Amino acid sequence: TWAPVSFASYLQWFDRSDLSWMGEAPTSNGPAFSGAGVVIKNNKAHMIINNGFAWGQEVGLIGHIDLATGAYSETELGENGVNPVHLFDAGSGLLAVNTMQYASTSLSRLSGGVVTTELVADVAAGCGAAALWDGAVVFQITGETTMRIHGADDLAPAGVWGTGQTSFY
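Presented here is a report on the structure given in the accompanying data block. (Residues numbered from 1 in each chain as written. Predicted model: local features only at pLDDT ≥ 70, side-chain atom pairs only at ≥ 80, totals over all residues. Heavy atoms only, no water.)

What follows deals with the environment of S20. Relative to the assigned elements, S20 resides in the loop between β1 (9-14) and β2 (21-26). Assessed through its relative accessible area of 32%, S20 is described here as partly exposed. A sequence separation of 148 residues divides S20 from F168, and the C-alpha atoms of the two residues are 34 Å apart. Every residue in contact with S20, bar those within four places of it in the chain, is listed here: F14 and D15. (Helix = DSSP H or I, 4+ residues; strand = E, 2+ residues; numbered from the N terminus. Buried < 20%, exposed > 50% of the residue type's maximum accessible area, 1.4 Å probe, protein only. Contact = heavy atoms within 4.5 Å.)

Looking at the element boundaries, N98 is found in strand β8 (residues 94-98). A polar atom in the side chain of N98 sits 2.9 Å from the side chain of S108. (Polar contact = N/O pair within 3.5 Å; in protein donor to acceptor, adjacent residues only side chain to side chain.)

With that out of the way, let us pick up the sheet that holds strand β5 (residues 61-66). Spatially, 4 strands are ordered β3-β4-β5-β6 in an open sheet, and the strand pairing comes out antiparallel. Strands with a single pairing partner mark the edges of an open sheet, and in this sheet they are β3 (38-41) and β6 (72-76). Between one strand axis and the next, the sheet turns by 25° as a mean value, whatever way the strands run. Both strand β4 (residues 44-49) and β5 contribute to a ladder of 6 bridges, which runs antiparallel. Residue pairing across strands places I48 opposite I62, the latter belonging to β5. (Pairing = 2+ DSSP bridges. Axes fitted to C-alpha atoms, helices over the stretch in contact; angles between N-to-C directions.)

Here it is, written out as structure tokens:
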């Protein structure tokens, strides 16, 4: 049917030594949508939740699981923070690269419980090429041959990187 598949759980964890199943968070106490990208910070697992496989139904959330208590919570990234595809530990906060509805790109920063989201361009970044590098987020817009650089703290443009000869994505 080419429709997205609904699951009883979108978060499962496995033993790292043999990859045997250890547990899961059901949608009643965990993410209710698909996502990718996990950062472990301050004894919490933070993950992007985007519902990216349900075209036109994308969401923009960061899920948080307290690794000591198992408590789950979510942070909404706002109207311009839809469809996060990368998540980074940017020192004093978390940084997400969002592809919105594959027509625009934005960056979101979550620090101290406050979300700041900045629209970057009315073009898509895609989901393949992004990194945290030297205090900045580096990402490539689909079809471009250089990487855009934005400050990890202020999300402001800080130049470009690369030779401009090939696309990474």
